[in-house]
Amino acid sequence: MLINESVKTPAHQCFVDVTKLVQSAVRKSGLKNAHILVSVPHTTAALTINENADPDVVKDLLRRLDSFAPVNFPGDKHGEGNSHAHLKSSLFGTCHPFIVHDGDLVLGNWQGIYLCEFDGPRTRNLLISIL
Amino acid sequence: MLINESVKTPAHQCFVDVTKLVQSAVRKSGLKNAHILVSVPHTTAALTINENADPDVVKDLLRRLDSFAPVNFPGDKHGEGNSHAHLKSSLFGTCHPFIVHDGDLVLGNWQGIYLCEFDGPRTRNLLISIL
Amino acid sequence: MLINESVKTPAHQCFVDVTKLVQSAVRKSGLKNAHILVSVPHTTAALTINENADPDVVKDLLRRLDSFAPVNFPGDKHGEGNSHAHLKSSLFGTCHPFIVHDGDLVLGNWQGIYLCEFDGPRTRNLLISIL
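Some thoughts on the environment of Gly-93 of chain B
By the element assignment, Gly-93 of chain B lies in the loop between α3 (83-92) and β5 (95-101). If we ignore the near neighbours within four places in the chain, the residues touching Gly-93 of chain B are Ala-46 and Leu-47 of chain B.

Points about the interface of chain C and chain B
Tallying the contact residues gives 33 residues for chain C and 28 residues for chain B. Here chain C meets chain B over a buried area of about 2500 Å², counting both sides, of which 61% is carbon and sulfur. Counting across the interface, chain C meets chain B through two salt bridges. With its nearest N and O atoms 2.8 Å apart, the salt bridge here joins Asp-76 of chain C to Arg-64 of chain B. Viewed at the interface, chain B and chain C are joined by 15 residue pairs in polar contact (both at pLDDT 80 or more).

Some points on the relation of the copies chain C and chain A
Superposition of chain C onto chain A requires a rotation of 120 degrees combined with a translation of 0.0 Å along the rotation axis, giving an RMSD of 0.0 Å. Such a combination of rotation and displacement between the chain copies is what one expects of a three-fold axis. Across chain C, the smallest distance between a C-alpha and the rotation axis is recorded for Leu-91 of chain C, namely 3.3 Å. Mapped onto chain A, only 14% of the interface residues of chain C are again interface residues, and the two copies thus contact each other with different surfaces.

A word on the interface of chain C and chain A
At the junction of the two partners, chain C supplies 28 residues and chain A supplies 33 residues. Buried area between chain C and chain A, both sides added, is near 2600 Å², and the carbon and sulfur share of it is 61%. If you sort the residues of chain C by the area they bury against chain A, His-35, Arg-64 and Ile-99 of chain C come out on top, with a joint share of 27%. Between the two partners, chain C and chain A, sit two salt bridges. For Arg-63 of chain C, the salt bridge identified is with Asp-76 of chain A, shortest N-O distance 3.6 Å. Summed over the shared surface of chain C and chain A, the result is 15 residue pairs in polar contact (both at pLDDT 80 or more).

Regarding the pattern of salt bridges
A pair can form between side chains of opposite charge whenever their charged atoms are brought close. In total, this model carries 21 salt bridges over all chains according to the counting rule given. Among the salt bridges present, the one from Glu-117 of chain B reaches Arg-124 of chain B, with a minimum N-O distance of 2.8 Å. The pair Glu-117 of chain B / Arg-124 of chain B is uniform in exposure class, with both members buried. Where Arg-122 of chain C meets Asp-119 of chain C, a salt bridge forms, and the shortest distance between an N and an O atom there is 2.7 Å. According to the relative accessible area criterion, Arg-122 of chain C is partly exposed, its value standing at 37%. Residues participating in the shared-partner salt-bridge network are Arg-63 and Arg-64 of chain A together with Asp-76 of chain B.

Details of the sheet that holds strand β2 (residues 14-17) of chain A
Residue and element names in this part refer to chain A. Spatially, β2-β7-β4 is the arrangement adopted by the three strands of the open sheet, whose pairing is antiparallel. Looking at which strands have only one partner, the edges of the open sheet turn out to be β2 and β4 (45-51). Neighbouring strand axes in the sheet, compared pairwise and without regard to direction, differ in orientation by 35 degrees on average. Direction of pairing for β2 relative to strand β7 (residues 111-117): antiparallel, over a ladder of four bridges. Within β7, the position partnered with Val-16 by the bridge is Leu-115. Lying over the sheet, helix α3 (residues 83-92) contacts β2, β4 and β7, oriented at roughly 50 degrees with respect to β4.

A look at the packing of aromatic side chains
Taken as a whole, this structure holds 15 aromatic pairs over all chains when the rule is applied. With centroids separated by 6.4 Å and ring planes inclined at 80 degrees, the aromatic side chains of Phe-15 of chain A and Phe-118 of chain A adopt a geometry described as edge-to-face. Of the two residues, Phe-15 of chain A is situated in strand β2 and Phe-118 of chain A in the loop between β7 and β8 (122-129); the sequence distance between them amounts to 103 residues. With a centroid separation of 5.7 Å and an interplanar angle of 50 degrees, the aromatic rings of Phe-15 of chain B and Tyr-114 of chain B are classed as tilted. Of this pair, Phe-15 of chain B sits in strand β2 (residues 14-17) while Tyr-114 of chain B is found in strand β7 (residues 111-117), placing the two residues 99 residues apart along the sequence. In this pair, the class of Phe-15 of chain B matches that of Tyr-114 of chain B, namely buried. Aromatic rings pair up to connect Phe-15, Phe-92, Tyr-114 and Phe-118 of chain A into one cluster.

Examining the side chain of Arg-64 of chain A
Assignment of secondary structure puts Arg-64 of chain A in helix α2 (residues 56-68). A polar contact is formed between the side chain of Arg-64 of chain A and the backbone oxygen of Pro-70 of chain B, at a distance of 2.9 Å. Residues within four places of Arg-64 of chain A in sequence aside, it is in contact with Ala-69, Pro-70, Val-71, Asn-72, Phe-73, Asp-76, Ser-83, His-84 and Leu-87 of chain B.

Observations regarding the packing of α2 of chain A against α3 of chain B
Contact pair α2 of chain A / α3 of chain B: the axes reach a minimum separation of 9 Å and the direction vectors enclose 75 degrees. One element, α2 of chain A, and the other, α3 of chain B, form an angle in the roughly perpendicular class. Judged by residue contacts, Val-57, Asp-60, Leu-61, Arg-64, Leu-65 and Phe-68 of chain A of α2 of chain A engage Ser-83, His-84, His-86, Leu-87, Ser-90 and Leu-91 of chain B from α3 of chain B. Here the residues of the contact of α2 of chain A with α3 of chain B are counted per class, giving six nonpolar, four polar and two charged.

So, how was this worked out
- Residues numbered from 1 in each chain as written.
- Chains lettered and ligands numbered in written order.
- Predicted model: local features only at pLDDT ≥ 70, side-chain atom pairs only at ≥ 80, totals over all residues.
- Heavy atoms only, no water.
- Helix = DSSP H or I, 4+ residues; strand = E, 2+ residues; numbered from the N terminus.
- Contact = heavy atoms within 4.5 Å.
- Buried area = accessible area lost by both parts, 1.4 Å probe.
- Salt bridge = Lys/Arg side-chain N within 4 Å of Asp/Glu carboxyl O.
- Polar contact = N/O pair within 3.5 Å; in protein donor to acceptor, adjacent residues only side chain to side chain.
- Least-squares fit on C-alpha atoms with pLDDT ≥ 70 in both.
- Buried < 20%, exposed > 50% of the residue type's maximum accessible area, 1.4 Å probe, protein only.
- Pairing = 2+ DSSP bridges.
- Axes fitted to C-alpha atoms, helices over the stretch in contact; angles between N-to-C directions.
- Phe/Tyr/Trp six-rings, centres within 6.5 Å; stacked < 30°, edge-to-face > 60°.
- Parallel < 35°, antiparallel > 145°, perpendicular 65-115°, else oblique.
- Nonpolar A, V, L, I, M, F, W, Y, C, P; charged D, E, K, R; others polar.

Shown next, in the form of structure tokens:
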């Protein structure tokens, strides 16, 4: 089963919490024990797992990423001005595996799943593959 | 089968070689050909695969990570002072897949699996999911 | 089925597009819906998914990586002078999962799969595991 969800990203660079979207797909599938894949089939966005308790964490992540992967980097050859977003996409990765155990997604207490937008705002696809 | 191992990390930032823990779980399972997942369900730790022959490699990795993801970064908003660790966790990733072939973990000659501690010392969970 | 392809990398640091190699392995397998793993079992190379339309994107990625993970970094202890390559390998990762749906690899319009060489030129192994 390949589920395709649309996710609107509200800013140029932002993290959108998609944990509940993925949990809901897992519960609907009725699967007990499995490995699923979640993919953002784009090259200027990514997925990551990080803290979703304090919203300041993802703000710090974005600001720190910009400190070594700045939007403007003299000498970039790619004409669209978004090479920073391509780099961040490769650094965080676009397709991540998750463990399903006893019918639920296995995440730590502080872990949430984020779709990371680095070249928005846009509407992005989020694929959830459950075999 | 979801195995939960406890791993003590001895320093604030350090890499702990968990290759043998994972290999042992694979051998006990009796599986011949499979894809397994190894996860560190935390947001200030990570997993990575890198050289385990020369112990200086991981020392260089930690020092180089600190050069662009420093512990102290003026302007961080997250109050716990560990935003650097959250960033490193997202950069290296917390859940990685591995190939099992002919009953054994498939790794290159120089590859070992490390639990990466970025906010220790602590006791961390290492999950190994074998279907 | 574990396929081992040899990939020659032509320069010290370069990205080699292996999308067609992986697609071809998937089609030959006859699998309809699956999760496959692609691995580069090395510690100074990596895999990533990024844009393969404009060849300038990967040039920018390499130059930007060198800006915060430079080849020469005073104080490196590992004697082989390739600690930058070990770091880049951990940042991008060496083993990535992919979704196969309706008999084909699921990639976005702009996504290609690259073997990333950070310490070449060499001949590298590319493993494709299809269960």
